[in-house]
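# Examination of the molecular architecture
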Amino acid sequence: MDASLVPADTSEDVRERGSRVAVLPVGSYEQHGPHLPLATDTLVACAVAREIAAAYPVHLLPPVTIGCSHEHAAWPGTVSISSVTLHAVVRDIADSLRRSGVEALVVVNGHGGNYVLGNVVQEASARGERMALFPAAEDWETARQRAGVTTSLLTDMHAGEIETSILLHTHPETVRPGYEAADFVADDRRHLLSLGMSAYTASGVIGRPSLGTAEKGKELLAGFADSFAECFALLTAVTVAVSEESDDAGDSGDGRA
């Protein structure tokens, strides 16, 4: 079993850990140019989630491996599900976790096209449920600067310096030769949702993979682990507060009876 993708926990492991925060990697199965695998976003999401699980007492879940990749439909191998389906899958997982006593869910998103995950989190939070989406844009930027990634987040859109670096660190065997000469820049992508990626790149790459290194990948993941502290503190503080309020309400009820 590949523990980098599917956790090897037993029920007893989960019981002993007693975590009230679960971490769900969500990726995609889409083209990443000629040098990175279709599963790149899933591998990246799992790498970030695994780094988090090594530093915080969370319940690490297996990934959702297919997401909303409709903008990549022009390339062979790309598979998508609808935003409605992804919304339902994540909500069902959150509901199931709460029934088993895990009150908070962090969705670690590895694919920018999974826009609906933001709606899932917003709606859950409005219902009073504990959910967060990670990494935020600010987390990506902080990690980028820490790792010495020179390409901006705008330019490093797909199969570029960041993704190539993370895979060179975590799964170097999946990075094909040729990334050193695969750079392509297309910063103005204002009609991406209407035209898809094929209107902006023939290779599928938008970014500078030639600048990717394993060391940058290692530092990127360390940066995500550090910036997760605020997210974890927020969810656990709210969880504790909700639990204490419930206990107080229960005590008051017993007294009145």
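Residues numbered from 1 in each chain as written. Predicted model: local features only at pLDDT ≥ 70, side-chain atom pairs only at ≥ 80, totals over all residues. Heavy atoms only, no water.

## A word on helix 3 (residues 83-99)
Since the α-helix packs 3.6 residues into each turn, any two residues three or four apart lie on the same face. Here is the rule we go by: Counting from the N terminus, the helices are DSSP H or I runs at least four residues long and the strands are E runs at least two residues long. What a helix is expected to span follows from its residue count: subtract one and scale by 1.5 Å. Type-normalised accessible area, obtained with a 1.4 Å probe on protein chains alone, sets the label of each residue: buried when under 20%, exposed when over 50%, and partly exposed for intermediate values. Think of the arc as the fan of directions from the helix axis to the C-beta atoms. Should any heavy atoms of two residues lie within 4.5 Å, those residues are considered in contact.
For helix 3, with 17 residues, the first-to-last C-alpha span of 25 Å sits near the 24 Å given by 1.5 Å per residue. Looking only at helix 3, the buried set comprises Leu86, His87, Val90, Ala94 and Leu97. All buried residues of helix 3 lie within an arc of 105° about the axis, which places them on one face of the element. In helix 3, the exposed residues that point more than 90 degrees away from the buried face are Val84, Asp92 and Arg99. Where helix 3 is buried, its residues meet strand 1 (21-26), strand 2 (59-60), strand 3 (104-109), helix 4 (116-126) and strand 4 (130-134). Once helix 3 finishes, Gly101 follows within two positions and takes phi at roughly 100°, a positive value.

## A short note on the packing of aromatic side chains
Rules: For Phe, Tyr and Trp, where Trp contributes only its six-membered ring, two rings pair if their centres lie within 6.5 Å, and the inter-plane angle classes them as stacked under 30 degrees, edge-to-face over 60, or tilted in between.
In this structure the tally under the stated criterion is six aromatic pairs. Look at Trp140 and Phe224: their rings are 4.8 Å apart centre to centre, the planes differ by 80°, and that puts the pair in the edge-to-face class. Of the two residues, Trp140 is situated in helix 5 (residues 137-147) and Phe224 in helix 8 (residues 214-256); the sequence distance between them amounts to 84 residues. The exposure classification of Trp140 matches that of Phe224, with both residues buried. Measuring from centroid to centroid gives 6.2 Å for Phe228 and Phe232, while their planes differ by 40°, and the two rings are tilted. Note that Phe228 and Phe232 are positioned in helix 8 at a spacing of four residues, about one turn of the helix. Classification of Phe228 by relative accessible area gives buried; the value is 0%. For Phe232, a relative accessible area of 16% translates into the label buried. Taken together, Tyr56, Phe134, Trp140, Phe224, Phe228 and Phe232 form an aromatic cluster joined through their ring pairs.

## A look at unusual backbone geometry
With an omega dihedral of 0°, the bond running from Phe134 to Pro135 counts as a cis peptide bond. Positionally, Pro135 belongs in the loop between strand 4 and helix 5. Located in the positive-phi region is Ala159, a residue other than glycine, with phi close to 60°. Assignment of secondary structure puts Ala159 in the loop between helix 5 and helix 6 (161-170). A relative accessible area of 0% places Ala159 in the buried class.

## Points about the packing of helix 3 against helix 4
Filter applied, for reference: The axes used here are C-alpha line fits, helices contributing only the stretch in contact, and every angle between their N-to-C directions lies in the interval 0 to 180 degrees. By definition in this entry, angles of less than 35 degrees are roughly parallel, angles greater than 145 are roughly antiparallel, angles of 65 to 115 are roughly perpendicular, and the rest are oblique. Take the far helix as your reference; a near helix turned counterclockwise from it by less than a right angle gives a left-handed crossing, and one turned clockwise gives a right-handed crossing. In this classification, the charged set is Asp, Glu, Lys and Arg, the nonpolar set is Ala, Val, Leu, Ile, Met, Phe, Trp, Tyr, Cys and Pro, and all remaining amino acids, among them Gly, are polar.
Their axes nearest at 9 Å, the elements helix 3 and helix 4 cross at an angle of 40°. The pairing of helix 3 with helix 4 is recorded here as oblique in orientation. Crossing of helix 3 against helix 4: the hand is right-handed. Here Ser83, Leu86, His87 and Val90 of helix 3 come into contact with helix 4, specifically with Val116, Leu117, Val120 and Glu123. Within the contact of helix 3 with helix 4, the residues separate by chemical class into five nonpolar, two polar and one charged.

## Digging into the sheet that holds strand 2
What holds strands together in a sheet is hydrogen bonding between their backbones, with the strands either parallel or antiparallel. Heads up, the rule is: When DSSP finds two or more bridges between two strands, those strands count as paired.
The sheet built from four strands is open, its strands ordered 2-1-3-4 with parallel pairing. In the strand order of this sheet, the two ends are held by strand 2 and strand 4, each with one partner. Set on the sheet, helix 2 (residues 40-55) makes contact with strand 1, strand 2, strand 3 and strand 4; between it and strand 1 the angle comes to about 160°.

## Examining the nonpolar core
This is how it is decided: Residues grouped as a nonpolar core are buried Ala, Val, Leu, Ile, Met, Phe, Trp, Tyr and Cys residues, joined through side-chain atoms within 4.5 Å.
Within the largest apolar cluster, 37 residues are counted, with the highest numbers of intra-cluster contacts made by Val23, Ile52, Val106, Val108, Ile166 and Phe228. Contributions of two or more residues to this core are made by strand 1, helix 2, strand 3, strand 4, helix 5, helix 6 and helix 8. With near-sequence residues (within four places) excluded, Ile52 lies in contact with Val23, Val58, Val108, Phe134 and Phe228. Core analysis: the second largest hydrophobic core is formed by 19 residues, Leu24, Val102, Leu105 and Ala124 among them.

## So, the confidence of the model for the protein
To be explicit about the condition: Residue-level confidence of the predictor is summarised by pLDDT, bounded by 0 at the bottom and 100 at the top.
Of all residues in the protein, 91% have pLDDT values of 70 or greater, and the mean over the chain is 93. A low-confidence stretch, residues 249-257 stays under pLDDT 50, and its non-local contacts, those more than four residues away or across chains, total zero contacts.

## Observations regarding the pairing of strand 4
Note the following rule: By the criterion used throughout, a crossover qualifies as right-handed when its path from the first strand across the helix to the second strand runs clockwise, the strands pointing away from the viewer.
Of the strand pairs in this sheet, strand 3 and strand 4 are connected by five bridges, and their pairing is parallel. Looking at strand 4, one finds that Val107 is bridged to Leu133. In terms of handedness, the path from strand 3 via helix 4 over to strand 4 forms a crossover that is right-handed.

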